[in-house]
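An overview of the molecular structure
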Number of protein chains: 2
Amino acid sequence: MPQEPEPAPTVERTVRRRARRATAPGVVTLHDVATAAGVSLATASRVLNGSSRVVGEPLREKVLAAAARLDYSPNAQAQAMARGRSNIVGLVVHDIADPYFSTIAAGVMQRAAASDVIVTLAVTGSSPDTEVTHVAALRRQRVRALLLAGSRWQDEEATAALRDELNAFRAGGGRVAAISQDVLGVDTVLIDNHRAARRLAEELVGLGYREFVLLGGPRGVATAVDRASGFRAALTERGHPPVLDLECAFTRDGAHGALGEVLARGLPASGGRPPCVLAANDVMAVGAMAAVREAGLDVPRDVAVAGFDDIPTLRDVSPSLTTVRLPLAEIGGHAFDLVDETAPQRRVEHVTGRVLVRESTPPLR
Amino acid sequence: MPQEPEPAPTVERTVRRRARRATAPGVVTLHDVATAAGVSLATASRVLNGSSRVVGEPLREKVLAAAARLDYSPNAQAQAMARGRSNIVGLVVHDIADPYFSTIAAGVMQRAAASDVIVTLAVTGSSPDTEVTHVAALRRQRVRALLLAGSRWQDEEATAALRDELNAFRAGGGRVAAISQDVLGVDTVLIDNHRAARRLAEELVGLGYREFVLLGGPRGVATAVDRASGFRAALTERGHPPVLDLECAFTRDGAHGALGEVLARGLPASGGRPPCVLAANDVMAVGAMAAVREAGLDVPRDVAVAGFDDIPTLRDVSPSLTTVRLPLAEIGGHAFDLVDETAPQRRVEHVTGRVLVRESTPPLR
DNA sequence: CCGGACCCTTACAACGTTGGAGGAACAGTG
DNA sequence: CACTGTTCCTCCAACGTTGTAAGGGTCCGG
């Protein structure tokens, strides 16, 4: 098919550019700056965003002045397209209102700001399908990297779908890091929930507790399962398996409801010792403490309570909560580092918590 | 300058396109899908993302099949450029680890998900300059709208710089909404901190408290100033101006430190009644309660404490905290609605808190 | 007075997409 | 059978950048 040799373009193109302009009329483009400064597009580009080539001082100043005068703001999307890379990372959490995730997010944001990276947030609402949807959306945004902060679910189908999506993302040059469990085959900040839970339970047996009530969270959430299994293993080994092993939502209300029901039926037989409630996280522990109080009982005199995470906002509850301290902000920062640097091979960083015994589980006798 | 009528382009262009390709090699483009399906770019675009025009069933299926087979993911940045609009909004908070902001953010995220909007998060770390920097970065990203969730600072210079930046953003068609104070001339969810603080203080006078200690936060933060001034006004009107009026950081540590110092010097003279500490937010109130306990005193027997916000995570502290309930998640959702709909003119929505008297300030006598 | 730096301009092809203009095939109408 | 509409596609010019190739001035040293 032959091409007709079009008419001289310059003027006509400019006119049509203005006429057809798709963006809002008020947005200043590099073209506008170049025109205002009386230089070419390429020169303006080099002064304002370019790297390699140098531009002479007089022109340089004219361009900068024009840009300032017109209040030019480079279009990052266009830059990303032209350069073939963006400086956005996606952060996926289950619930940003949950202090566990918001603390991790704070750690991520701090590192991101230092690296001049922009963070796009997505929340799954604890639904594996929603997580896949959001990961796909972030892939469409061509984020440079993806941070998956949430616990994995024990759901083979959803995990497979996610893994597919992540593989496609990584095939396009994207980096991925996960926090919690190492089941996705990506760089991971692995939290050793099982081991830390064991140590906490052992410590409590050492303090003299014998009757344990487990608020283990739901069966499908890996973090909850790991913690509960750690508690269970240690207690069973020490000869004091949990007298009650409850499933409930991984939330304040879940723990509050489950323990409330139990207490309404009366305390487990205890040989004079207060029983000890082991909650799978601090938020649940606080819900459990509320249920104890509502039953007219005292923490720790009648019921001892321990949590997990050492959420900063909850450090001042009274009695202060025995828990496992996780360096949540550092964990977030660490995950960011995993995707920020270009590492030669897959890495798994281990994080273990530190047991903190406080007022909610005083030594017995 | 004459144009030479270039050689037939199709094949040659394809070759060079492959050769010079800037994006990562693994990324599938619309072009690839079109080629694989044996249709033109435009047809593929219309099948996969297009709206208006219809594509015949046979071709339509071929395109969908090719897209699925190649695992095509549309490039949202390119779409944004071509369409001249994005579906990203920017959310600016002071500190995402602060439950006040994370709860607001959760409200925003929920609405955003429902509207298929992507949210980019920025944290200021409570620095006005950082806020301007982040707003500029979000403008470069060509976000569709901007949500400023943080309290304003009483800093004329920084406010002016921010206002300039916002005007430039709005000139380019961006929408802006603010939460808290109405000083930027944009759509606002205005929180009537002053009035709610008055009502809380009046309630406490009604309960019999007479000696008040104000933990008013810093002078520069508008939210803290509004709340403190509401407390002060009500107390002064009722004839019981604060016996101590302390400035401190708007944080747990700020309140804890300031009140700790005071208590180290002994309780204010009280005529047998416990004094009442009025903190400018819940997190500070909890820090204050910790300081009271560390001084060997009891809340509320020796010192009563009240806060502000009704942070969900802190609803189970013991004794339960007297406070002002703000519907934080709804406030976030509301701000999102302000920028999501296209409103004819500037709107200011008022939100007032509800006073909740709980165990930390029992009635006297 | 020429050759070569140096600094700039012009021009253009990307990047991945959209949307308008235009055209081919085909049916319906006179 | 020519005309006029529809459909359903394709082609091409945007969108705002970057980066490179090709070229044109100016200045300097030989």
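In this numbering scheme, every chain counts its residues from 1 along its sequence in written order. Chains carry letters from A onward and ligands carry numbers from 1 onward, assigned in written order. Two thresholds apply to this predicted model, a pLDDT of at least 70 for residue-level local features and 80 or more for giving and counting side-chain atom pairs, whereas whole-chain, interface and lining totals are computed over all residues. Excluded from the side-chain calculation are hydrogens and water; included are all heavy atoms of the structure.

**So, the relation of the copies chain A and chain B**
So the rule is basically this: In superposing the copies, a least-squares fit is computed on C-alpha atoms, taking residues whose pLDDT is at least 70 in both. Here a residue-residue contact requires only that any non-hydrogen atoms of the pair lie within 4.5 Å.
Once chain A is rotated about the relating axis by 180° and shifted along it by 0.1 Å, it coincides with chain B to within an RMSD of 0.1 Å. When the rotation and shift are considered jointly, the pair of chain copies conforms to a two-fold rotation axis. The rotation axis passes nearest to the C-alpha of Thr-120 of chain A in chain A, at a distance of 2.1 Å. A share of 98% of the interface residues of chain A reappears at the interface of chain B, consistent with the copies meeting face to face through the same patch.

**Considering the state of the cysteines**
Residue and element names in this part refer to chain A. Short version of the rule: For this text, the term disulfide refers to a pair of cysteine sulfurs within 2.5 Å. Summary of the burial criterion: residues with accessible area below 20% of their type's maximum are buried, those above 50% are exposed, and those between are partly exposed, where the area comes from a 1.4 Å probe applied to protein chains only.
On inspection of all chains with the given rule, the structure shows zero disulfides over all chains. The thiol of Cys-276 is unpaired, and the distance to the nearest cysteine sulfur, on Cys-248, comes to 15 Å. Relative accessible area serves as the criterion here: at 0%, Cys-276 is assigned to the buried category.

**Some words on the interface of chain A and chain B**
This is how the line gets drawn: Values labelled buried area give the accessible surface lost by two parts on being combined, using a 1.4 Å probe and summing over both. Whenever a carboxyl oxygen of Asp or Glu lies within 4 Å of a side-chain nitrogen of Lys or Arg, that contact is scored as a salt bridge. Two N or O atoms count as a polar contact when they lie within 3.5 Å, although within protein this holds only if one can serve as hydrogen donor and the other as acceptor, and sequence-adjacent residues are included solely when both atoms are side-chain atoms. Here a helix means four or more residues in a row that DSSP labels H or I, a strand means two or more in a row labelled E, and each is numbered from the N terminus. Residues are grouped as follows: Ala, Val, Leu, Ile, Met, Phe, Trp, Tyr, Cys and Pro are nonpolar; Asp, Glu, Lys and Arg are charged; all remaining types, including Gly, are polar. Strand pairing requires that DSSP identify at least two bridges connecting the strands.
Taken together, the contact pairs 57 residues of chain A with 56 residues of chain B. For the pairing of chain A and chain B, the buried interface totals around 5000 Å² over both sides, and the portion due to carbon and sulfur atoms is 58%. Per-residue buried area on chain A facing chain B is highest for Gln-77, Arg-142 and Asp-316 of chain A; these three make up 14% of the total on that side. Scanning the region where chain A abuts chain B turns up four salt bridges. Arg-252 of chain B serves as the salt-bridge partner of Asp-316 of chain A, at 2.5 Å between the closest nitrogen and oxygen. Along the contact surface separating chain A from chain B lie 15 residue pairs in polar contact (both at pLDDT 80 or more). Contributing elements (two or more residues each) for the side of chain A that touches chain B: helix H5 (76-83), helix H6 (99-114), strand S2 (118-123), helix H7 (128-140), helix H8 (156-171) and helix H12 (282-294) of chain A. Partitioned by chemical class, the residues of the side of chain A that touches chain B number 31 nonpolar, 18 polar and eight charged. Across three bridges, the pairing between S2 of chain A and strand S2 (residues 118-123) of chain B is antiparallel. Residue pairing for S2 of chain B: Val-119 of chain A is matched across the bridge by Leu-121 of chain B.

**Structural notes on the sheet that holds strand S6 (residues 212-215) of chain B**
All names here are of chain B. We count it as follows: Between the N-to-C directions of two axes lies an angle of 0 to 180 degrees, each axis being a line fitted to C-alpha atoms and, for a helix, fitted only over the stretch in contact.
Pairing in this open sheet of four strands is parallel, and the strands run S7-S6-S8-S9 from one edge to the other. Of all strands in the sheet, those bounded by a partner on one side alone are strand S7 (244-246) and strand S9 (304-306). For this sheet, the mean angle separating the axes of adjacent strands, direction not counted, is 15°. Strand direction decides the pairing type here: S6 and S7, joined by three bridges, are parallel. The residue of S7 that forms the bridge with Leu-215 is Leu-246. Sheet strands touched by helix H11 (residues 252-264): S6, S7 and strand S8 (276-279). Its angle to S6, the strand with the most contacts, is close to 145°.

**Focus on unusual backbone geometry**
Geometrically, the link from Val-299 of chain A to Pro-300 of chain A is a cis peptide bond, its omega value of 5° lying close to zero. Assignment of secondary structure puts Pro-300 of chain A in the loop between H12 and strand S9 (304-306). A cis amide bond links Ser-318 of chain B to the next residue, Pro-319 of chain B, at an omega of -5°. Looking at where Pro-319 of chain B falls in the secondary structure, it is placed in the loop between S9 and strand S10 (323-325). In this structure, Ser-126 of chain A takes a positive phi of about 60° despite not being glycine. Here Ser-126 of chain A is to be found in the loop between S2 and H7.

**Observations regarding helix H3 (residues 41-48) of chain A**
Quick reminder: α-helices carry 3.6 residues per turn. Residues three or four places apart thus point the same way. All names here are of chain A. The condition that has to hold: The reported arc concerns the directions from the helix axis to the C-beta atoms and nothing else.
Among all positions in H3, only Thr-43, Ala-44 and Val-47 are buried. Buried residues along H3 cover an arc of 100° about the axis, so they all sit on one side. Of the surrounding secondary structure, the elements contacted by the buried residues of H3 are helix H2 (30-37) and helix H4 (57-70).

**Remarks on empty space enclosed by the protein**
Residue and element names in this part refer to chain B. Our working rule: Cavity: a set of points on a 1 Å grid over the protein atoms alone where a 1.4 Å probe fits but cannot get out. Pocket: an open set with protein on both sides within 12 Å along at least five of seven lines, its lining residues, like those of a cavity, having an atom within 4 Å of a point. Grid points are joined across faces, edges and corners, and a volume is the space filled by probe spheres set on the points.
Across all of its chains, the model carries six cavities of 30 Å³ or more by this definition. By volume, the largest cavity amounts to about 60 Å³. Along its surface, the largest cavity is lined by Pro-128, Glu-131, Arg-152, Trp-153, Asp-155, Ala-158, Thr-159, Leu-162 and Leu-184. Of all the secondary structure elements, the ones that give two or more residues to the lining of the largest cavity are helix H7 (128-140) and helix H8 (156-171). Ranked by residue count, the leading element in the lining of the largest cavity is H8, at three residues.

**Focus: the sheet that holds strand S4 (residues 175-180) of chain B**
By definition, the strands of a sheet pair up through backbone hydrogen bonds, in either a parallel or an antiparallel sense. Here 12 strands make up an open sheet; going across it, the order is S11(A)-S5(A)-S4(A)-S3(A)-S1(A)-S2(A)-S2(B)-S1(B)-S3(B)-S4(B)-S5(B)-S11(B) and the pairing mixed. Bordering the open sheet on either side are strand S11 (348-351) of chain A together with strand S11 (348-351) of chain B, each of which pairs with just one other strand. Mean inter-strand twist for the sheet, computed between neighbouring axes without regard to direction, equals 20°. Looking at chain direction, strand S1 (residues 88-93) of chain A and strand S3 (residues 145-148) of chain A are connected through four bridges and run parallel. Bridging across to S3 of chain A, Val-92 of chain A finds its partner in Leu-148 of chain A.

**Here's the deal with the side chain of His-134 of chain A**
Considering the arrangement of structural elements, one finds His-134 of chain A in helix H7. Non-local contacts of His-134 of chain A, meaning those with residues more than four positions away in its chain, are made with Ala-122, Val-123 and Thr-124 of chain A.

**Brief notes about the packing of H5 of chain A against helix H5 (residues 76-83) of chain B**
What counts is decided by this rule: Angle categories are assigned with fixed cut-offs, so that under 35 degrees is roughly parallel, over 145 is roughly antiparallel, 65 to 115 is roughly perpendicular, and the rest are oblique. Each crossing is labelled by how the near helix is turned from the far one, with a counterclockwise turn of less than a right angle marking it left-handed and a clockwise turn marking it right-handed.
Contact pair H5 of chain A / H5 of chain B: the axes reach a minimum separation of 9 Å and the direction vectors enclose 125°. Taken together, H5 of chain A and H5 of chain B sit at an angle that is classed as oblique. Every pair of crossing elements has a handedness; the one defined by H5 of chain A and H5 of chain B is left-handed. Of the residues in H5 of chain B, those in contact with Ala-76, Gln-77, Ala-78, Ala-80 and Met-81 of chain A of H5 of chain A are Ala-76, Gln-77, Ala-78, Ala-80 and Met-81 of chain B. Tallied by class, residues from the contact of H5 of chain A with H5 of chain B come to eight nonpolar, two polar and no charged.

**Brief notes about the environment of Thr-223 of chain A**
Residues and elements named next belong to chain A. As for its placement among the helices and strands, Thr-223 is situated in helix H10 (residues 222-237). Thr-223 sits in the buried class, given a relative accessible area of 3%. Between the alpha carbons of Thr-223 and His-31 there is a distance of 53 Å; along the sequence they are 192 residues apart. Contact partners of Thr-223, with chain neighbours within four places excluded, come to Ser-151, Ser-180, Gln-181, Asn-193 and Phe-250.

**Here we look at the environment of Gly-353 of chain B**
Residues and elements named next belong to chain B. Examined against the element boundaries, Gly-353 turns out to sit in the loop between S11 and strand S12 (354-356). For Gly-353, a relative accessible area of 6% corresponds to the buried category. Each C-alpha atom, one on Gly-353 and one on Leu-326, is 4.9 Å from the other, the two residues being 27 residues apart in sequence. Excluding residues that lie within four positions of it along the chain, Gly-353 makes contacts with Ala-196, Arg-199, Val-324, Arg-325 and Leu-326.

**Overview of the pairing of strand S4 (residues 175-180) of chain A**
All names here are of chain A. The test is simple: Handedness rule for crossovers: strands pointing away from the viewer, path from the first strand over the helix to the second running clockwise, crossover right-handed.
Of all six residues in S4, five are buried; the element is thus mostly enclosed. Of the pairings in the sheet, the one linking S3 to S4 comprises four bridges and is parallel in character. Bridged to Ala-145 within S4 is Arg-175. At this point the chain moves from S3, through H8, to the parallel S4, and the crossover so formed is right-handed. Both S4 and strand S5 (residues 187-191) contribute to a ladder of four bridges, which runs parallel. Along S5, the bridge assignment pairs Ile-179 with Val-189.

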